[in-house]
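The lines below spell out each chain.
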Amino acid sequence: MSDTAKLQIAGKDVEYPVLKGSTGPDVVDIRKLYAQTGAFTYDPGFTSTASCESGLTFIDGDEGVLLHRGYPIGQLAENSSFMEVSYLLLNGELPTQDELTKFENTITRHTMLHEQLATFYRGFRRDAHPMAVMCGVVGALSAFYHDSTDITDPQQRMIASHRLIAKMPTIAAMAYKYSVGQPFLYPKNDLSYTGNFLRMTFGVPAEEYEVNPVVEKALDRIFILHADHEQNASTSTVRLAGSSGANPFACIAAGIACLWGPAHGGANEAALNMLHEIGRPERIPEFIARAKDKNDPFRLMGFGHRVYKNYDPRATVMQKTVREVFASLNVSDPVFEVALQLEEMALKDDYFVEKKLFPNVDFYSGVILSAIGFPTTMFTALFALARTVGWVAQWNEMISDPEQKIGRPRQLYTGPTQRDYVPVSQR
Ligand code: CMC
């Protein structure tokens, strides 16, 4: 294969280098295109655009592959812990036992929030969506932790990263406690990252909270499955915000805002709501017909993915985890039956087969989270909690990249060309 791409434009022949990654598609380096030809590229939704160089996460959407620093997601979900995956994403290698213990210790000791933040929560309405609270509180961290906002100092960047990973469970649990009118619970250092989060969410000061190990393991696995996902919308948002030199807390708040949308992190909430609306297996054909109807905006939530066009490897792990949680908690949920049958019917339907639409990670995660006891409004907050490690790892990678520039896309302008101002009396 040639190492250059040739383009003929405006009577000029130009050549651009073709760059090769360690795996995955080559990229055409068109950075000089505008200077040489006066033309921009046009790619709304960035479907053909590599926005940066990254060594964190690799996805092969056709083959259903997801690797973090080279390790397949299935192996990490099966054998690892969220803390270990966080270390891997941040540092590039799996930790030794000593490194892991030290890292867990550091994260554990950053889990408390500045006490004044409790007052900040009281400014929200009780019925505020947890994601609204998360956007606000995480953005506000920059007003509380001034000693870790200098992005040119690697030490401060590391402290800010640890703080964000450590405080996110406390912030999310407090958002939940506030909405149900229960007292906030301080973190407890002898519990695991995930066990601590479960206790801060479901425990009360009046009695001891016992962490169910199966639930703890399942939730930890859900965190692993959501830890990072290449240059998705919220990660790109974090990078774009960070490219201007904004502080890490502000950047992560921007990522949370982007994640909130139903086409991204809001999909697990939307998927469970949809399964409830379907209610009974007999109604599935009606909803499949609606999803296929061009005149109906309804989509099967939890189905389809911009990158995965074969299957979402995270969905496979998720489906297995539902069964484990249901068995341990000794619960059954008709919604799970609806989900299984919907998946089966959709995967046999020509529309979904032709468009390569498969269940994504969000199709089953809502069913599990609901069985554990989380209200649907908390689902996206849990996604934000887990994705924080990916966001901070990607943000750190960007800041350390010598090629990094402020993100400033251009446009295809289709508005009016220059015209003269007309006084209001003459319009
Ligand atoms: N139900 C019915 N039809 C669908 C669906 C769906 N869930 N998803 C895509 N399609 C159709 C769509 O109508 C279009 O048809 P046509 O070519 O005839 O116009 C075709 O498939 C391609 O869709 P698209 O919107 O151009 O694809 P995209 O890559 O821009 O969108 C997506 C990807 C995830 C936004 C979309 O599949 C979707 O809206 N899914 C439901 C929401 C969801 O589950 N999102 C979670 C994504 S995974 C978690 C995360 O990473 O945040």
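Quick note: structure is the one above.
Summary of the structure given here.

Criteria and cut-off values
Every chain's residues receive numbers from 1 upward, in the order its sequence appears when written. Residues qualify for local features only when their pLDDT is at least 70, as the model is predicted, and side-chain atom pairs are given and counted only at 80 or more; totals for whole chains, interfaces and linings, by contrast, use all residues. With hydrogens and water excluded, all non-hydrogen atoms of the structure serve as input to the side-chain values. Secondary structure counts use DSSP, requiring at least four H or I residues in a row for a helix and at least two E residues in a row for a strand, with both numbered from the N terminus. Note that the radius of gyration is over C-alpha atoms, with the globule rule given as 2.2 Å times the number of residues to the power 0.38. Partly exposed describes any residue whose relative accessible area lies between the buried limit of under 20% and the exposed limit of over 50%, with all areas from a 1.4 Å probe on protein chains only and scaled to the type maximum. The criterion used for residue contact is that any of the two residues' heavy atoms lie within 4.5 Å. For this purpose, a residue is taken to be near a molecule or strand whenever a single non-hydrogen atom of the residue falls within 4 Å of it. Residues adjacent in sequence count toward polar contacts only when both atoms are side-chain atoms; beyond that, a polar contact is any pair of N or O atoms within 3.5 Å, and within protein one must be able to donate a hydrogen and the other to accept it. Per-residue accessibility takes into account occlusion by the displayed protein chains alone, with areas from the Shrake-Rupley method and a 1.4 Å probe. What makes two strands pair is DSSP finding at least two bridges between them. In the sections that follow, a salt bridge refers to a side-chain nitrogen of Lys or Arg positioned within 4 Å of a carboxyl oxygen of Asp or Glu. The aromatic pairing rule takes the rings of Phe, Tyr and Trp, using the six-membered ring of Trp, and pairs them if the centres are within 6.5 Å, calling planes under 30 degrees apart stacked, those over 60 edge-to-face and the rest tilted. Consider the ring centre and the ring normal. A charge sits over the ring if Lys NZ or Arg CZ is within 6 Å of that centre and within 35 degrees of that normal. A fitted line through C-alpha atoms serves as each axis, taken over the contacting stretch for helices, and the angle formed by two N-to-C directions is quoted from 0 to 180°. In what follows, roughly perpendicular refers to angles from 65 to 115 degrees, roughly parallel to angles under 35, roughly antiparallel to angles over 145, and oblique to any angle outside these ranges. Classes in brief: Ala, Val, Leu, Ile, Met, Phe, Trp, Tyr, Cys and Pro nonpolar; Asp, Glu, Lys and Arg charged; the others, Gly included, polar.

**Focus: the overall build of the protein chain**
And then number 1: The helix and strand tally for the protein chain stands at 18 helices and six strands.
And then number 2: Computed over its C-alpha atoms, the radius of gyration of the protein chain comes to 23 Å, within 12% of the 22 Å expected for a compact globule of 427 residues.
And then number 3: By its C-alpha atoms, the protein chain is 75 × 65 × 60 Å across when sized along the principal axes.
And then number 4: In the protein chain, which comprises 427 residues, the share counted as buried stands at 46%.
And then number 5: Taking contacts inside the protein chain between residues at least 6 apart in sequence as the whole, the part at least 24 apart equals 70%.

**Considering the site of the ligand**
And then number 1: In the neighbourhood of the ligand, 19 residues make up the surrounding shell, with His264, Lys294, Leu300, Gly302 and Arg306 lying closest.
And then number 2: Side-chain polar atom of Lys294 to an oxygen atom of the ligand: 2.6 Å apart, as the coordinates give it.
And then number 3: Here an oxygen atom of the ligand and a side-chain polar atom of Asn360 are 2.9 Å apart.
And then number 4: For the ligand, the protein covers 76% of the area, taking 940 Å² as the surface of the free molecule.

**Brief notes about helix H17 (residues 362-372)**
And then number 1: Along H17, nine of the eleven residues are buried, which leaves the element largely enclosed by surrounding structure.
And then number 2: For H17, the full list of buried residues reads Asp362, Phe363, Tyr364, Ser365, Gly366, Val367, Ile368, Leu369 and Ile372.
And then number 3: Buried residues in H17 make contact with helix H8 (193-202), helix H9 (213-226), helix H12 (267-278), helix H14 (313-329), helix H15 (334-348) and helix H18 (379-399).
And then number 4: Positive backbone phi, at 120 degrees, marks Gly373, one or two positions downstream of H17.

**Quick word on the sheet that holds strand S3 (residues 27-28)**
And then number 1: Taken in spatial order, the three strands of this open sheet run S1-S2-S3, and their pairing is antiparallel. Here the strands that pair on one side only, and so sit at the sheet edges, are strand S1 (4-9) and S3.
And then number 2: Pairing between strand S2 (residues 12-19) and S3: two bridges, direction antiparallel. Across the sheet, the residue bridging to Val18 is Val28, located in S3.

**As for the pairing of strand S4 (residues 57-60)**
And then number 1: Of the two faces of S4, only one is covered, namely that formed by Thr57 and Ile59; the face formed by Phe58 and Asp60 stays uncovered.
And then number 2: Pairing of S4 with strand S5 (residues 65-68), which is carried by four bridges, proceeds in the antiparallel orientation. Directly across from Phe58, in S5, lies its bridge partner Leu67.
And then number 3: Here S4 hands over to S5 after four residues, with Gly64 in that stretch at a positive phi of 70 degrees.

**Concerning the pattern of salt bridges**
And then number 1: With the rule as written, the count across this model stands at 16 salt bridges.
And then number 2: Between Glu403 and Arg31 there is a salt bridge, and its shortest N-O distance comes to 2.7 Å. One end of the pair, Glu403, is in the segment after H18; the other, Arg31, is in the loop between S3 and helix H1 (33-37), and 372 residues separate them in sequence.
And then number 3: In this structure, Glu282 and Arg280 form a salt bridge, with 3.1 Å as the shortest nitrogen-oxygen distance.
And then number 4: Looking at Glu282, the relative accessible area reads 55%, which means it is exposed.
And then number 5: Judged by relative accessible area, Arg280 falls into the partly exposed class, the value being 46%.
And then number 6: Through salt bridges with shared partners, one network takes in Asp29, Arg31 and Glu403.

**Regarding the sheet that holds S4**
And then number 1: The three strands are arranged S4-S5-S6 in an open sheet whose pairing can be described as antiparallel. Each of the sheet's edge strands pairs with one partner strand only, and the pair in question is S4 and strand S6 (71-72).
And then number 2: Where S5 and S6 come together, two bridges link them in antiparallel fashion. In the sheet register, His68 faces S6, and the bridge partner there is Tyr71.

**Focus on the packing of aromatic side chains**
And then number 1: A complete count under the given rule lists 19 aromatic pairs for this structure.
And then number 2: An aromatic cluster of three or more residues is present, and its members are Phe82, Tyr176, Tyr193, Phe197, Phe202, Phe223 and Phe374.
And then number 3: In this structure, Arg126 is placed above the aromatic ring of Tyr178, and the distance from its NZ or CZ to the ring centre is 4.1 Å.
And then number 4: Taking NZ or CZ as reference, Arg290 lies 4.6 Å from the ring centre of Phe298, over its face.

**As for the packing of helix H4 (residues 97-108) against helix H7 (residues 154-180)**
And then number 1: Contact pair H4 / H7: the axes reach a minimum separation of 8 Å and the direction vectors enclose 70 degrees. Relative to H7, the element H4 is oriented roughly perpendicular. Touching Phe103, Thr106 and Ile107 of H4 are His162, Ile165 and Ala166, all from H7.
And then number 2: For the contact of H4 with H7, the residue count by class is four nonpolar, two polar and no charged.

**Quick word on unusual backbone geometry**
And then number 1: Phi angles above zero are rare outside glycine, and Phe46 is one such case at about 50 degrees.
And then number 2: On the basis of relative accessibility, which here comes to 56%, the residue Phe46 falls in the exposed class.
And then number 3: One non-glycine residue, Lys356, adopts positive backbone phi at about 55 degrees.
And then number 4: On the secondary structure map, Lys356 appears in the loop between helix H16 (350-354) and H17.
And then number 5: Judged by its relative accessible area of 41%, Lys356 falls in the partly exposed class.

Any functional reading would require information beyond the geometric quantities listed.
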